[in-house]
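Fold and contact review
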Amino acid sequence: MSQAPIAIIGTGIAGLSAARALHDAGLPLHLFDKSRGSGGRMASKRSDVGSLDLGAQYFTTRDRRFSETVRQWQAEGWVDQWSPTLFQSRGGQLKSSADEQLRWVGQPTMSAITRGLLGELPVTFSCRITEVFRGEHQWTLVDATGTSHGPFSHVIVAVPAPQAAALLSSAPKLASAAASVAMEPTWSVALGFAMPLSTTLEGCFVQDDALDWVARNRSKPGRDGQLDTWVLHGTSEWSRHHLDLPKDAVIELLHGAFAELIDCVVPAPEFTLAHRWLYARPSQAHEWNALTDARLGLYACGDWCLSGRVEGAWLSGQEAARRLLENL
Ligand SMILES: Cc1cc2nc3c(=O)[nH]c(=O)nc-3n(C[C@H](O)[C@H](O)[C@H](O)COP(=O)(O)OP(=O)(O)OC[C@H]3O[C@@H](n4cnc5c(N)ncnc54)[C@H](O)[C@@H]3O)c2cc1C
Ligand SMILES: NC(=O)C1=CC=CN([C@@H]2O[C@H](COP(=O)(O)OP(=O)(O)OC[C@H]3O[C@@H](n4cnc5c(N)ncnc54)[C@H](O)[C@@H]3O)[C@@H](O)[C@H]2O)C1
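Keep in mind it's a predicted model, so treat the numbers as computed, not measured.

A closer look at the packing of helix α1 (residues 13-24) against helix α3 (residues 111-118)
Running from N to C, α1 and α3 point in directions that differ by 30°, and their axes come no closer than 9 Å. Looking at the two axes, α1 sits roughly parallel to α3. Here α1 runs over α3; the crossing is left-handed. Residues I13, L16 and R20 of α1 lie in contact with α3, whose contacting residues are T114, L117 and L118. Looking at the contact of α1 with α3 residue by residue, the class counts come to four nonpolar, one polar and one charged.

Digging into the domain arrangement of the protein chain
On domain assignment, one finds that the protein chain holds domain 1 (6-43 + 112-180 + 285-326) and domain 2 (82-102 + 183-282). Domain 1 and domain 2 are separated by 31 Å when their C-alpha centres are compared. With eight residues of domain 1 at the interface, the matching set in domain 2 holds six residues. Residues of the side of domain 1 that touches domain 2, tallied by class, amount to five nonpolar, one polar and two charged.

A word on α3
For α3, the tally of buried residues reaches six of eight residues, placing the bulk of the element in the interior. Among the residues of α3, S111, A112, I113, T114, L117 and L118 are the ones counted as buried. Next to the buried residues of α3 lie α1, α2 (64-76), β5 (79-81), β8 (104-106) and β9 (123-124). A positive backbone phi angle near 45° is found at G119, which sits one or two residues after α3.

Some thoughts on the site of ligand 2
Near ligand 2 you find 15 residues, and of these T60, S97, T186, A280 and R281 are the closest. Listed by contribution, the elements that provide at least two residues to the shell around ligand 2 are β6 (86-90) and β18 (271-282). Classifying every residue of the shell around ligand 2 by side-chain character gives four nonpolar, seven polar and four charged.

Comments concerning the UniProt feature "binding site: FAD" (unreviewed entry) in the protein chain
Per the UniProt record, "binding site: FAD" (unreviewed entry) is annotated on A14, D33, K34, R41, Q57, Y58, I129, D303 and V310. Taking the farthest pair of C-alpha atoms as the criterion, the annotated set spanning 297 residues is dispersed, since that pair is 28.9 Å apart. Leaving out residues up to four positions away in the same chain, Y58 has contacts with W82, R103, W104 and V105. Along the chain, V310 falls in helix α8 (residues 310-326).

As for the site of ligand 1
The environment of ligand 1 is made up of 37 residues, and the closest members are G10, G12, A14, G40 and D303. Listed by contribution, the elements that provide at least two residues to the shell around ligand 1 are α1, β14 (183-193), β18 and α8. Taken together, the residues of the shell around ligand 1 break down into 16 nonpolar, 14 polar and seven charged. Summarising the domain contributions, the shell around ligand 1 has at least three residues from each of domain 1 (6-43 + 112-180 + 285-326) and domain 2 (82-102 + 183-282).

Examining the sheet that holds β18
Here we have seven strands laid out as an open sheet, ordered β7-β6-β15-β16-β17-β14-β18, and mixed in their pairing. The open sheet has two edge strands, β7 (93-96) and β18, and neither has a second partner. Between one strand and the next, the sheet's axes are offset by a mean angle of 20°, whatever the strand orientation. Bridge count between strand β16 (residues 211-216) and strand β17 (residues 228-234): five bridges; the pairing is antiparallel.

Re unusual backbone geometry
Cis geometry is adopted by the peptide bond preceding P108, which originates at Q107 and carries an omega value of 10°. As for its position among the elements, P108 is in the loop between β8 and α3. Residue G150 is joined to P151 through a cis peptide bond whose omega torsion reads 0°. As for its position among the elements, P151 is in strand β12 (residues 148-152). The phi torsion at S126 lies on the positive side, around 50°, for a residue other than glycine. S126 gets classed as exposed once you count the C-beta atoms within 10 Å, which come to 12. Of note in this structure, N289 is not a glycine but carries a positive phi near 65°.

A word on the environment of C305
Here C305 lies in the loop between β20 (298-300) and α8. Sequence separation between C305 and L315 is ten residues; the distance between their C-alpha atoms is 9.4 Å. Residues in contact with C305, not counting those within four places in the same chain, are H286, W288, N289, A290, L291 and S316.

About the criteria used
Residues numbered from 1 in each chain as written. Chains lettered and ligands numbered in written order. Predicted model: local features only at pLDDT ≥ 70, side-chain atom pairs only at ≥ 80, totals over all residues. Axes fitted to C-alpha atoms, helices over the stretch in contact; angles between N-to-C directions. Helix = DSSP H or I, 4+ residues; strand = E, 2+ residues; numbered from the N terminus. Parallel < 35°, antiparallel > 145°, perpendicular 65-115°, else oblique. Left-handed = near helix turned anticlockwise from the far one by under 90°. Contact = placed C-beta atoms within 7 Å. Nonpolar A, V, L, I, M, F, W, Y, C, P; charged D, E, K, R; others polar. Domains from an automatic or database assignment. Buried ≥ 20, exposed ≤ 12 C-beta atoms within 10 Å, placed from the backbone. Near = placed C-beta within 6 Å. UniProt positions renumbered as here; feature names shortened; annotations may be inferred. Pairing = 2+ DSSP bridges.

If you want it as structure tokens, here you go:
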């Protein structure tokens, strides 16, 4: 009898990191994602004015294994360095804030990375898994339409913590660890201007009331589009307080904060878009690496098991795969 595949729920960077490691070890697997494509919080959004990075803006590497992997991605042509002209704003004071940090982005879009990792791996998109249960020896998944998928030998849950908790109910310790992780929201707004804004600013760390971060989308390698597009992120606190505000109102408020922040005239935008990330980042970092119930064959990974960054999510996926292989 052929070996049942491993189910991986989530095609963000954590799920795909685990998937690649298991595939490279020769194990069969099948991925599921509720979205129409891969990437999760590091996916780019297609829009009328080109592709926009509404979630992860860039990533840094501190861990040696991740640095080496990113160099391989660079050789594949999936990533490039981004060296924006950086500013910071504190108490309304905008000033240049150059540094030596190496920052990476997917190119020509952030999604290039997870698309590259996914390659030809078997995947079912637009499939929200609502239940994960174990029979005598194997696992079955049930999706939101009531359809069953399986059997699977093991399951890796690679979704944000609050969503993971429900899928981990077969292992109460794992479920309660995931349920203990609070995740903060982020409102993300894109503005597109017909005339390029008259500023050298390409990225800005903001420590004011509403805004947390501002980036000129087309300063990133490989981005095109006719408009001068900008991405603005609200702070966690501001986003929480304005969680249920209509998108138009969020756009108006963050556009106003942007106009106050930046050192040039900001006209009415030709294009606007708002996206609410309910589970943008864990409110604190953990050092769990991944969660494991080796006896059951159930694992969880994601940025919330580590640093709440792209690097943490990738490392967590590697660790889930390593533990699964160790327990075969
Ligand atoms: C606005 C914003 C800005 C950010 N900026 C940066 C940054 O500049 N640098 C940085 O390093 N990090 C940044 N991050 C964080 C970074 O994006 C995340 O740490 C990382 O992408 C998380 O990857 P993940 O695989 O753990 O989770 P996710 O990317 O969330 O992937 C989880 C996947 O699971 C799917 N899913 C969820 N529930 C189900 C279900 N029930 N069934 C099937 N599929 C499901 C989702 O559709 C998703 O594709 C940012 C995040 C946000 C939101
Ligand atoms: N908005 C969200 O939901 C986010 C979720 C998760 C992460 N988010 C942001 O991602 C970046 C990534 O962090 P990093 O990899 O540690 O990058 P970093 O460039 O080293 O920035 C970390 C932090 O340091 C401050 N900082 C760095 N460089 C400068 C500089 N030249 N001038 C001023 N301040 C600087 C700044 O506070 C950075 O936030 C990170 O930005 C997360 O906020 C968003």
